[in-house]
Amino acid sequence: MARPVQYNNKVKMVEIPEGYSGEGFYATSFDKVIGLARKNSIWPLPFATSCCGIEFMATMAATYDMARFGAERMAFTPRQCDLLMVMGTISKKMGPIVRQVYLQMAEPRWVMAVGACASSGGIFDTYSVLQGIDQVIPVDVYVPGCPPRPEGIIDGFMKIQALVGQESLRRRNSDRYQELMESYGIK
């Protein structure tokens, strides 16, 4: 006896960018097409130092599967990644290394501080712990929690996707962005 074929009719398609359509053509802006491609193909670089890294492993595992959001390829080389995910306690001695990894990433690049330690130093209010990675590199999205649940990490990733999809191709050349980089000593 043959099994009946079942089709998944609950598939959610990616929304097409605003544009003009006619018979046999569709026209939109280059920014929107590039934004759509970038936001659905983000390559994260996990920089995990403690318990938030374990939660990130759970986020990438089968139950939560962050690959569904376009983060299929986890890379451990900064030259191939565009999202730096800093997770866990960062000591002041580790600050220059985080900065070096950030600088090795190609533009455009985004940063997500995952957990209380990466965002604000967490419970470690000591002389040796960096009180937030935003002291050494600019951060785009903060994910709260100690450690954050996989749902929180996925929510932060979706916020990064929204930023990436809406970012203009000219933003990185703007005066405001150049001033932000100069405030961190990055030229």
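Position labels on residues start from 1 in each chain and follow its written sequence. Residues qualify for local features only when their pLDDT is at least 70, as the model is predicted, and side-chain atom pairs are given and counted only at 80 or more; totals for whole chains, interfaces and linings, by contrast, use all residues. Only heavy atoms go into the side-chain values, all of them from the structure, while hydrogens and water stay out.

- The protein chain is annotated in an unreviewed UniProt entry as NADH-quinone oxidoreductase subunit B from Chitinophaga arvensicola.
- UniProt's Subcellular location (unreviewed entry) comment on the protein chain is quoted here verbatim: "Cell membrane". UniProt positions are given in the numbering used here, feature names are shortened, and annotations may be inferred rather than shown by experiment.

1. Focus on the packing of helix 1 (residues 30–39) against helix 5 (residues 150–166)
Inference 1: It is the contact of helix 1 with helix 5, at a shortest axis distance of 7 Å, that shows an interaxial angle of 155 degrees. With respect to each other, helix 1 and helix 5 are oriented roughly antiparallel. Classified by chirality, the crossing of helix 5 by helix 1 is right-handed. Across from Gly 35, Arg 38 and Lys 39 in helix 1, the residues of helix 5 making contact are Gln 161, Val 164 and Gly 165. Think of each axis as a best-fit line through the C-alpha atoms, taken over the contacting stretch in the case of a helix, with angles from 0 to 180 degrees between the N-to-C directions. The helix and strand labels rest on DSSP assignments: H or I over at least four residues marks a helix, E over at least two residues marks a strand, and numbering proceeds from the N terminus. An angle counts as roughly parallel when it lies under 35 degrees, as roughly antiparallel when it exceeds 145, as roughly perpendicular when it falls between 65 and 115, and as oblique in every other case. If you view the pair so one helix is near and one far, a crossing is left-handed when the near helix is turned anticlockwise from the far one by less than a right angle, and right-handed when it is turned clockwise. Whether two residues touch is decided by their heavy atoms; if any such pair falls within 4.5 Å, the residues are in contact.

2. Section: the sheet that holds strand 5 (residues 110–114)
Inference 1: By the convention used here, strands pair only if DSSP detects at least 2 bridges between them. Read across the open sheet, the four strands follow the order 3-4-5-6; overall the sheet is parallel. Each edge of the sheet is formed by a strand with only one pairing partner; in this case those strands are strand 3 (44–48) and strand 6 (141–143). Direction aside, neighbouring strands of the sheet carry axes that sit 20 degrees apart on average.
Inference 2: As paired strands, strand 5 and strand 6 are joined by three bridges and run parallel to one another. Pairing of Met 112 across the sheet is with Val 141, part of strand 6.
Inference 3: Relative to strand 5, helix 5 is tilted by about 160 degrees, and along the sheet it contacts strand 4 (83–87), strand 5 and strand 6.

3. Some details on the UniProt feature "binding site: [4Fe-4S] cluster" (unreviewed entry) in the protein chain
Inference 1: Taking the numbering used here, the UniProt-annotated feature "binding site: [4Fe-4S] cluster" (unreviewed entry) corresponds to Cys 51, Cys 52, Cys 117 and Cys 146. Taken along the chain, the residues just named run across 96 residues; in space they keep tight, none of their C-alpha pairs more than 10.0 Å apart.
Inference 2: Looking at the secondary structure, you find Cys 51 in helix 2 (residues 51–60).
Inference 3: By relative accessible area, which is 41% here, Cys 51 ends up partly exposed.
Inference 4: Relative to the helices and strands, Cys 52 is located in helix 2.
Inference 5: Burial classification: accessible surface area is computed with a 1.4 Å probe over protein chains only, and a residue below 20% of its type maximum counts as buried, one above 50% as exposed, and the rest as partly exposed. Accessibility expressed as a relative area gives 4% for Cys 52, which makes it buried.
Inference 6: Setting aside its immediate chain neighbours within four residues, Cys 52 contacts Met 87, Gly 88, Val 114, Gly 115, Pro 147 and Pro 148.

4. Points about the pattern of salt bridges
Inference 1: Whenever a carboxyl oxygen of Asp or Glu lies within 4 Å of a side-chain nitrogen of Lys or Arg, that contact is scored as a salt bridge. Going through the model one piece at a time under the given rule, you end up with six salt bridges.
Inference 2: Where Glu 107 meets Arg 109, a salt bridge forms, and the shortest distance between an N and an O atom there is 3.5 Å.
Inference 3: Residue class for Arg 109 comes out buried when judged on its relative accessible area of 7%.
Inference 4: Between Arg 172 and Glu 107 there is a salt bridge, with its nearest N and O atoms 3.1 Å apart. Of this pair, Arg 172 sits in the loop between helix 5 and helix 6 (175–183) while Glu 107 sits in the loop between helix 3 (95–104) and strand 5, and the two are 65 residues apart along the sequence.
Inference 5: Judged by relative accessible area, Arg 172 falls into the buried class, the value being 10%.

5. Things to note about the side chain of Asp 82
Inference 1: Tracing the chain through its elements places Asp 82 in the loop between helix 2 and strand 4.
Inference 2: His residues and chain termini do not enter the charge count, which takes Lys and Arg as positive and Asp and Glu as negative. Of the buried charged residues, Asp 82 lacks a salt bridge, with Arg 38 as the closest side chain of opposite charge at 6.8 Å.
Inference 3: Within 3.5 Å is the distance limit for a polar contact, defined as a pair of N or O atoms, with the added protein rule that one can donate a hydrogen and the other accept it, and that residues adjacent in sequence qualify only through two side-chain atoms. From its side chain, Asp 82 meets the backbone nitrogen of Trp 43 in a polar contact 2.8 Å long.
Inference 4: Ignoring anything within four residues of it in the chain, the contact list for Asp 82 reads Ser 41, Ile 42, Trp 43, Met 105, Pro 108, Arg 109 and Trp 110.

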